[in-house]
Amino acid sequence: MNSTRQFRFIFKPLVFAACAIPAGLMVLGIMKLQGITEFAPMDLGADPVSRLIHACGITALNLLLITLLVTPARQISGWNNLIRLRRMLGLFAFFYAVMHFTCYAWLDQGLDLAAIGADIVKRPYITIGMAALLMLIPLAVTSTSGMMRRLGRKWIKLHRLIYVLTALGVWHFYWQVKKDIREPLLYVAMFAVLMAWRIGWRFKGKFVPARVPEKT
Amino acid sequence: MKNHIPRIASSEITPEGVYLDRRQLLAAGFATAALGTLGASTTLAASPPALAPLTAARNQAVSTSDAPNSYEDITTYNNYYEFGTGKSDPAVEARDFKPTPWSVTVDGEADVKGKFTLEDILKPQVLEERVYRLRCVEAWSMVIPWTGFSLASLLQRFKPTSKAKYVEFTTLLDPKQMPGQRDAVLRWPYVEGLRMDEAMHPLAFMAVGLYGKTLPNQSGAPLRLVVPWKYGFKNIKAIVRIRFTEQQPRNSWQIAAASEYGFFANVNPAVDHPRWSQATERRIGGGLLAKRAATLPFNGYADQVASLYSGMDLRRYY
Ligand code: HEM
């Protein structure tokens, strides 16, 4: 098997499976809660709604950061195939962000549109979370190869939104904790490192403009 | 010892359904334990150390008729930052905590002061059970059957002087036993306080038990406050000091973030937390699709306690 085939048929499915694990754990947790199974590796605990919101939120944020790690990892390792993972990682981040919102809007707020609207307007952490989610939509929609080709350089510009929305996601995390900000600060630090790498790379004079990845 | 309240074992008055639930829980626990060897990693506490049963009659007059949460929910989901900031941390981290021997120092504006052992404190008290609603500042709630005695009956024994306007409580400071205290998340030790008239209100309660058994460590053993019309953080746990003061004490959460947490912390759906709404709450144990319930002023105890605050601007004194 050549390295591209190996990548496509072994590595990529493995990463796909890894991205799906949190969702699988949550589904098992829900099944246990509903009495369908007796055992679940992730127990949803006494407050399953909050547990699901948090699990989806943190997974979405993790995946956004991992998506941002692709380029530095490629630059460091020289393994260009990595770029072929980026779309999948980004789409999984979108998936978990949508599930996060769904858990909030449906399970927590009971689809009470007035209450959700009030939250979005009144609570800054929800406002910026919503902004981040809305920004993810055009990125997901234009993630197809056809869209990449059609948009060309505009695609690159549009997809720079990922920096803004990830920053908002980290900020949203920071703002919603009650007191213990150690974990959000870790995310601030990780995001800062990812951005600093990009700036450093540019200053090294080696900056290669982000490429539209070829069809995967 | 005088004893007007007939002593009935809690098991006789707890509705049978609750006990059945608990038996099922036990069975579920065994299933998890059996599967545990296959790599289960639930964060829930293993079967707690045997806790002594307590004899106490339920005080029906002050108890809510809402169904109590399960013992499992109450003891695996709570905030107790001394044992970590996650809500399932206390059940795990407090397992080896030693609530005996215990003593409480009483000082400040009172005639009877000194160091009292837990036995001294408990001896003259007649235990009773009270089923109270608990509303967390994080907008979730539970219903909990506490065993204990009225706070007033304890405080009166220390003969507070006319200068005693407030009473301050302090939690044990022992980072060796309380790993959460090794991190400066809050200023340790935890401090809470009440105005004297609040402390003497008949609903204010000192708990030493839960579900008819000695209080488990993660719930604040051996001695914790329960003030049901206030947000949960007022209910200070593992109390080692009671001090009567003229000045309003500075409670830990107020020190941590004065714009978000005040001294009074009365449950109030009309005054939002700056970052989230207090208008509704999620009752723990309702499952995935349970609707949020409206939060009531003073957590539903307004008839009894609202008069304590007449004329006060509750927006300002949150
Ligand atoms: C890209 C978009 C978003 C990301 C990356 C994100 C991420 C997160 C993270 C990491 C947490 C904390 C989880 C934890 O503590 O373990 C969180 C909490 C939360 N988020 Fe989001 N979020 C996003 C969008 C939204 C949106 C659109 C809403 C609602 C309109 C929302 C509502 C919430 C709520 C209600 C919480 C829990 C707060 C609490 O428990 O007090 N988020 N989010």
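What comes next concerns the included structure. Quick caveat, the model's predicted, so the values are computed rather than measured.

1. A word on the pairing of strand β11 (residues 239-245) of chain B
Residue and element names in this part refer to chain B.
Then comes step 1: Most of β11 is tucked away: 5 of the 7 residues are buried.
Then comes step 2: In the sheet, strand β2 (residues 103-108) pairs with β11 via 4 bridges, with the strands oriented parallel. Following the sheet pairing, glycine 108 is matched in β11 by phenylalanine 244.

2. As for the interface of chain B and chain A
Then comes step 1: Opposite the 35 residues of chain B that make contact, chain A presents 29 residues.
Then comes step 2: Between chain B and chain A the total buried area reaches about 2600 Å² when both faces are included, carbon and sulfur atoms providing 54% of it.
Then comes step 3: A per-residue breakdown of the area chain B buries against chain A is headed by Arg275(B), Arg282(B) and Leu288(B), which together make up 29% of the total.
Then comes step 4: Inspection of the chain B/chain A interface yields 6 salt bridges.
Then comes step 5: The partner of Asp108(A) in a salt bridge is Arg282(B), and the shortest N-O contact between them spans 2.2 Å.
Then comes step 6: At the boundary of chain B with chain A, the tally comes to 10 residue pairs in polar contact (both at pLDDT 80 or more).
Then comes step 7: Of all elements in the fold, only α2 (16-36) and α8 (252-256) of chain B reach the threshold of two or more residues within the side of chain B that touches chain A.
Then comes step 8: Here the residues of the side of chain B that touches chain A are counted per class, giving 19 nonpolar, 8 polar and 8 charged.

3. Some words on the coordination of the iron atom of the ligand
All names here are of chain A.
Then comes step 1: Around the iron atom of the ligand, the donor atoms from the protein are His100 (NE2) and His172 (NE2), and they sit 1.9 to 2.0 Å away.
Then comes step 2: Here the iron atom of the ligand is ringed by 6 donor atoms whose angles at the metal span 86 to 179 degrees, and the overall shape comes out octahedral. With histidine 100 in helix α3 (residues 86-108) and histidine 172 in helix α8 (residues 161-176), this residue pair connects regions lying 72 residues apart in the sequence.
Then comes step 3: When its relative accessible area of 21% is taken as the criterion, histidine 100 is described as partly exposed.

4. What to know about the nonpolar core
Then comes step 1: Among the nonpolar cores identified, the biggest contains 83 residues, and Trp146(B), Phe169(B), Trp229(B), Ile242(B) and Phe244(B) are the most heavily contacted of them.
Then comes step 2: By size, the runner-up hydrophobic cluster in this structure holds 52 residues, among which are Ala23(A), Cys56(A), Leu133(A) and Leu168(A).

5. Topic: a nonpolar patch on the surface
Residues and elements named next belong to chain A.
Then comes step 1: On the surface, a nonpolar cluster with roughly 340 Å² of combined accessible area is contributed by Trp171, Tyr174, Leu185 and Val188.
Then comes step 2: Along the chain, leucine 185 turns up in helix α9 (residues 182-206).
Then comes step 3: The exposure class assigned to leucine 185 is partly exposed, which follows from its relative accessible area of 41%.

6. Observations regarding the packing of helix α4 (residues 113-122) of chain A against helix α5 (residues 124-141) of chain A
Two numbers describe a pair of packed helices, the interaxial angle and the distance between the axes.
All names here are of chain A.
Then comes step 1: Put simply, α4 and α5 touch, their axes get as near as 5 Å, and they point 100 degrees apart. In terms of axis orientation, α4 runs roughly perpendicular to α5. Seen from α4, the contacting residues are Asp119, Ile120, Val121 and Lys122; seen from α5, they are Pro124, Ile126, Thr127 and Met130.
Then comes step 2: A per-class count over the contact of α4 with α5 returns 5 nonpolar, 1 polar and 2 charged.

7. Observations regarding the side chain of Asp108(A)
Then comes step 1: Inspection of the secondary structure assignment puts Asp108(A) in helix α3.
Then comes step 2: Once residues within four sequence positions are removed from consideration, Asp108(A) is found in contact with Val49(A), Ile53(A), Cys103(A), Arg282(B) and Arg292(B).

8. Section: the sheet that holds β2(B)
All names here are of chain B.
Then comes step 1: Pairing is mixed across the open sheet formed by 5 strands, whose spatial order is β3-β2-β11-β6-β7. Unpaired on one side and paired on the other, β3 (114-117) and β7 (191-195) mark the two borders of the sheet. Within the sheet, the average angular offset between the axes of one strand and its neighbour, ignoring direction, is 20 degrees.
Then comes step 2: As paired strands, strand β6 (residues 166-171) and β11 are joined by 6 bridges and run antiparallel to one another. Considered in β11, the bridge of threonine 170 is made with arginine 241.

9. So, empty space enclosed by the protein
Residue and element names in this part refer to chain B.
Then comes step 1: Evaluation of the coordinates by the stated rule reveals 4 cavities of 30 Å³ or more.
Then comes step 2: Volume-wise, the largest cavity comes out at about 350 Å³.
Then comes step 3: Lining the largest cavity are 27 residues, with Asn79, Tyr80, Gly232, Phe233 and Lys237 sitting closest to its centre.
Then comes step 4: No other element matches the 4 residues that strand β5 (residues 140-150) contributes to the lining of the largest cavity.
Then comes step 5: Taken together, the residues that form the lining of the largest cavity break down as 17 nonpolar, 6 polar and 4 charged.

10. A look at the packing of helix α1 (residues 3-33) of chain A against helix α2 (residues 48-77) of chain A
Residues and elements named next belong to chain A.
Then comes step 1: Interaxial distance between α1 and α2 falls to 10 Å at its minimum, and their mutual angle equals 175 degrees. One finds that α1 runs roughly antiparallel with respect to α2. From α1, Cys19, Pro22, Met26, Ile30 and Leu33 reach across to α2, where they touch Pro48, Leu52, Ala55, Cys56, Thr59 and Leu63.

11. Description of the packing of aromatic side chains
All names here are of chain B.
Then comes step 1: As enumerated under the stated definition, the model contains 26 aromatic pairs over all chains in all.
Then comes step 2: Measuring from ring centre to ring centre gives 5.7 Å for phenylalanine 83 and phenylalanine 97, while their planes differ by 80 degrees; the resulting arrangement is edge-to-face. Of this pair, phenylalanine 83 sits in the loop between α3 (71-76) and α4 (89-93) while phenylalanine 97 sits in the loop between α4 and β2, and the two are 14 residues apart along the sequence.
Then comes step 3: The class of phenylalanine 83 is buried, set by a relative accessible area of 1%.
Then comes step 4: What makes phenylalanine 97 buried here is its relative accessible area of 4%.
Then comes step 5: Between tyrosine 166 and phenylalanine 263, the ring centres sit 5.8 Å apart and the planes meet at 85 degrees, which makes this aromatic pair edge-to-face. Of this pair, tyrosine 166 sits in strand β6 while phenylalanine 263 sits in the loop between α8 and β12 (280-283), and the two are 97 residues apart along the sequence.

About the cut-offs
- Residues numbered from 1 in each chain as written.
- Chains lettered and ligands numbered in written order.
- Predicted model: local features only at pLDDT ≥ 70, side-chain atom pairs only at ≥ 80, totals over all residues.
- Heavy atoms only, no water.
- Buried < 20%, exposed > 50% of the residue type's maximum accessible area, 1.4 Å probe, protein only.
- Helix = DSSP H or I, 4+ residues; strand = E, 2+ residues; numbered from the N terminus.
- Pairing = 2+ DSSP bridges.
- Contact = heavy atoms within 4.5 Å.
- Buried area = accessible area lost by both parts, 1.4 Å probe.
- Salt bridge = Lys/Arg side-chain N within 4 Å of Asp/Glu carboxyl O.
- Polar contact = N/O pair within 3.5 Å; in protein donor to acceptor, adjacent residues only side chain to side chain.
- Nonpolar A, V, L, I, M, F, W, Y, C, P; charged D, E, K, R; others polar.
- Donors = N, O, S within 2.8 Å, 3.2 Å for Na, K, Ca; no water.
- Tetrahedral: all angles 85-135°; square planar, octahedral: opposite > 155°, others 65-115°.
- Core = buried A, V, L, I, M, F, W, Y, C linked by side-chain atoms within 4.5 Å.
- Patch = residues over 30% accessible without salt bridge, like charges linked within 9 Å, V, L, I, M, F, W, Y side chains within 5 Å.
- Areas by Shrake-Rupley, 256 points an atom, 1.4 Å probe, with all protein chains shown as cover.
- Axes fitted to C-alpha atoms, helices over the stretch in contact; angles between N-to-C directions.
- Parallel < 35°, antiparallel > 145°, perpendicular 65-115°, else oblique.
- 1 Å grid on protein atoms, 1.4 Å probe; cavity = no way out; pocket = protein on both sides within 12 Å on 5 of 7 lines; lining within 4 Å.
- Points joined across faces, edges and corners; volume = space filled by probe spheres on them.
- Phe/Tyr/Trp six-rings, centres within 6.5 Å; stacked < 30°, edge-to-face > 60°.

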